[in-house]
Amino acid sequence: MSFLDLKNVTKIYPNGTKAVHETSLSVEEGEFMVFVGPSGCGKSTLLRMVAGLEDITEGDINLDGKLINEVDPSERDVAMVFQNYALYPHMNVYNNLAYGLKNRGIDKETIEQKVNDAAKLLQISDYLQRKPSMLSGGQRQRVAMGRAIVRNPKIFLFDEPLSNLDAKLRIQMRLEIKKLQQKVGVTSIFVTHDQVEAMTLADRLAVINNGIIEQLGTPIEIYDNPKSLFVAGFIGSPQMNFLDGNIKNKTLSAEGFEIKDIDSDFEGEVKLGIRPEHLSQSENSLINLKVDLVEQLGSDNLVYGQLKDKKDFCYRCPGNLTIEKGADLSLNIENNKYYIFDKSTGKRVN
Amino acid sequence: MKIKPLQIIAHIILILGVLLMVVPIWISFASSSHDSVTILTEGMKFHIGDQLARNYNEVLNEKGGWSEEVTAAKMFINSFIMALGIATLKVVISAMSAYALVYYRFKLAVPIFWLIFITLLVPLEVRIFPSYKIVSDLGLTNSYTGLILPLVASATATFFFRQFYKTIPDELLESAKLDGANAWSFFIDFLVPLSKTMIAAMFIFMFVYGYSQYLWPLIMTTAEEYWTVVMGMKIIYTESYEGVALPRTAERFAYIILSMIPPVLVVVFLQKWFIKGLIQTEK
């Protein structure tokens, strides 16, 4: 049995909404697991069930070999960082950090030492006497993490902690969280709707949709090998292009082009997925793109345009290529990196 | 700095308001420093006279009532105890019942809240006979407990605390839970400090409410040692009709001025918190 084990966990709210469907998942000790999915997909509910803030309708949750279904949140030895930090507004930073330790009946000297160590680690030693209202967003974030670290819990739970920060700070804190997790080595679960955050932080990530884990794996596995239409569309920025097509006798015909000898026995209606970054300009073209708009990011250009059938399409090329608006581009798929999904079930078929 | 006409008008209105509030008090105070005869013959005074110490001394220490035992000083103490008890218990009980209503999500929380709220329609004066019957059956007439207890439940304060607790984000409770806080420590460590400005404001209102109670103590007390200031006010006014010579007008004014002091003190000491509660939210 692994460190944290979820077995057929289901959550049904009193009003009948099924937020989580029979989800099973295990997290190894020291692992950084990320739950990613659109809002309302059940990822936060799953996290809150681990924390003990939501009742479990069905299934079992084991932490460190102990069934914790009925264990009170305060007894679970988990720490959580909330989206709005939930710092205690009337206590200064020191007491924010010390509160959990005081409740555990730890003596004053030990508390002081632990708080100071955590403050040092997070570089908030200078603010210990301040109230949270006097801190900036990044500092509050650090205090929230400090409150989690200082208790030395079995598991860290992060509920979209970066979503209240501005873009630059978010990237900086993302790095710090990752570094900190590696330094402290605590098992962590991080919930986010931001796929970039998910990709950069995760040892493994779980893509969740409608209360079901669509796919579980390392970020690269999921990027390279999406198992379903949803995962393919959700992971990757800009989004994967999807085209309607039809397979007959191992030949995929889409609007305006055909791909022969595909690696699938599937026949029927499909969706063809091509990532914008897996395209290149070439003579023997497959796809013709009429350029509407070019976004220059410096390192890359994002080229938006339409195919023959007026379908929107995106192509990502190196930033040193100059592409004019209104140009016609001939594009080819690099190394046959395309994904085919059953149109009715959304399952990958190649 | 240029003064706009609008500002002048605004200030005039404010000054008039201040005068309207302050002048009667000043007249009372000034008149309380004269001889009763002077006031009766010359009318109320705007300047301080030479009888200040004598009048106040007399009012505070003269024994009155049928038993000739109760003094104004004793009545002040009674009123203070009653108001303090009512205000403190009202705040404590309201805060705790609001806590139960907001955080313990039992099914009847909303109906119970409305039931409490409806009691606003039934003030003590309306239910005074049943209340008296209960207190009297409990043997609490002529006691501080009897004076205080029937007045300690407050729908108003419960309502205000409830509204305030509802604005406290759920994450705070959840975070505290994960930090090992139980129901009691969440109340003491979080809700009480977060609502201290609210508590101060409620305390002021309830103190003044308790201090100015008239009918209840009147019915409740037969022993003069439990008389309160407001009852005394009536006595000092009626005294002259039954009595001897001249109405003791100066002493009456002195009594009025003295009776204002306790609530004013409470407001002065708590106003720092009170204003803080109005201008800043610490959430």
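About the criteria used
Residues numbered from 1 in each chain as written. Chains lettered and ligands numbered in written order. Predicted model: local features only at pLDDT ≥ 70, side-chain atom pairs only at ≥ 80, totals over all residues. Heavy atoms only, no water. Helix = DSSP H or I, 4+ residues; strand = E, 2+ residues; numbered from the N terminus. Contact = heavy atoms within 4.5 Å. Areas by Shrake-Rupley, 256 points an atom, 1.4 Å probe, with all protein chains shown as cover. Lys, Arg positive; Asp, Glu negative; His and termini not counted. Charge placed at Lys NZ, Arg CZ, Asp CG, Glu CD. Pairing = 2+ DSSP bridges. Axes fitted to C-alpha atoms, helices over the stretch in contact; angles between N-to-C directions. Core = buried A, V, L, I, M, F, W, Y, C linked by side-chain atoms within 4.5 Å. Buried < 20%, exposed > 50% of the residue type's maximum accessible area, 1.4 Å probe, protein only. Salt bridge = Lys/Arg side-chain N within 4 Å of Asp/Glu carboxyl O. Buried area = accessible area lost by both parts, 1.4 Å probe. Polar contact = N/O pair within 3.5 Å; in protein donor to acceptor, adjacent residues only side chain to side chain. Domains from an automatic or database assignment.

1. Focus: the overall build of chain B
Thought 1: For chain B, the helix and strand inventory stands at 14 helices and zero strands.
Thought 2: For the C-alpha atoms alone, the extent of chain B along its principal axes is close to 75 × 70 × 30 Å.
Thought 3: The contacts in chain B between residues at least 6 apart in sequence include a share of 71% that link residues at least 24 apart.
Thought 4: Element-wise, carbon and sulfur atoms account for 72% of the exposed surface of chain B, whose accessible area totals about 15900 Å².
Thought 5: Once the 21 positive and 20 negative side-chain charges of chain B are each reduced to a mean point, those two points are 12 Å apart.

2. Focus on the sheet that holds strand 15 (residues 279–281) of chain A
Residues and elements named next belong to chain A.
Thought 1: Read from one edge of the open sheet, five strands run 15-19-16-17-18, paired in antiparallel fashion. Among the strands making up the open sheet, the edge pair consists of strand 15 and strand 18 (312–318). For this sheet, the mean angle separating the axes of adjacent strands, direction not counted, is 50°.

3. Brief notes about the nonpolar core
Thought 1: Counting 47 residues, the largest nonpolar core has Tyr103(B), Phe161(B), Tyr165(B), Ile168(B), Phe186(B), Phe190(B) and Leu191(B) as its most contacted members.
Thought 2: When residues of this core are traced back to their parent elements, those giving at least two are helix 3 (52–61), helix 4 (72–103), helix 8 (155–167), helix 9 (170–178), helix 10 (183–194), helix 11 (196–211), helix 13 (229–242) and helix 14 (249–279) of chain B.
Thought 3: No other element matches the 11 residues that helix 4 of chain B contributes to this core.
Thought 4: Setting aside its immediate chain neighbours within four residues, Phe161(B) contacts Val91(B), Ser94(B), Ala95(B), Ala98(B), Ser195(B), Met198(B), Ile199(B) and Met202(B).
Thought 5: With 46 residues, the next largest nonpolar core counts Phe32(A), Val34(A), Tyr94(A) and Phe158(A) among its residues.

4. Some remarks on the pattern of salt bridges
Thought 1: Counted under the stated rule, the structure contains 16 salt bridges over all chains.
Thought 2: Glu54(A) serves as the salt-bridge partner of Lys11(A), at 3.6 Å between the closest nitrogen and oxygen. With a gap of 43 residues between them, Lys11(A) in strand 1 (residues 4–12) and Glu54(A) in the loop between helix 1 (43–51) and strand 4 (58–63) connect regions that are remote in the sequence.
Thought 3: The exposure class of Lys11(A) is buried, given its relative accessible area of 6%.
Thought 4: Note that Asp179(B) and Arg151(A) form a salt bridge whose closest N and O atoms lie 2.9 Å from each other. With Asp179(B) in the loop between helix 9 and helix 10 and Arg151(A) in the loop between helix 4 (137–149) and strand 7 (155–159), this residue pair bridges two chains. For the residue pair Asp179(B) and Arg151(A), the accessibility class agrees, reading buried in each case.
Thought 5: One connected set of salt bridges, linked through shared partners, spans Lys11(A), Arg48(A), Glu54(A) and Glu174(B).

5. Quick notes on the interface of chain A and chain B
Thought 1: Taken together, the contact between chain A and chain B spans 23 residues of the former and 18 residues of the latter.
Thought 2: Between chain A and chain B, a total of about 1700 Å² is buried, with carbon and sulfur atoms accounting for 59% of that surface.
Thought 3: Together, Pro89(A), His90(A) and Tyr99(A) form the three largest contributors to the area buried by chain A at its contact with chain B, with a combined 31%.
Thought 4: Scanning the region where chain A abuts chain B turns up two salt bridges.
Thought 5: Of the charged contacts in the structure, one is a salt bridge between Glu174(B) and Arg48(A), with a shortest N-O distance of 2.6 Å.
Thought 6: Along the contact surface separating chain A from chain B lie nine residue pairs in polar contact (both at pLDDT 80 or more).

6. Concerning the sheet that holds strand 9 (residues 204–209) of chain A
All names here are of chain A.
Thought 1: If you walk across this open sheet you meet the six strands as 6-7-8-3-9-10, and the pairing is mixed. Of all the strands in the sheet, just strand 6 (78–81) and strand 10 (212–217) have a single pairing partner and so form its edges. With strand direction ignored, the average angle separating the axes of adjacent strands in the sheet is 20°.
Thought 2: Inspection of the sheet shows strand 6 paired to strand 7 by four bridges, in the parallel sense.

7. With respect to the domain arrangement of chain A
Residue and element names in this part refer to chain A.
Thought 1: By domain assignment, chain A separates into domain 1 (4–232) and domain 2 (241–342).
Thought 2: Here domain 1 and domain 2 have C-alpha centroids that lie 38 Å from each other.
Thought 3: Across the contact, eight residues belong to domain 1 and seven residues belong to domain 2.
Thought 4: Here domain 1 packs against domain 2, burying approximately 670 Å² in sum over the two surfaces, 60% of which is carbon and sulfur.
Thought 5: Its largest share of buried area at the contact with domain 2, domain 1 owes to Tyr 223, Leu 229 and Ala 232, together 74% of the area lost on that side.
Thought 6: Summed over the shared surface of domain 1 and domain 2, the number is zero salt bridges.

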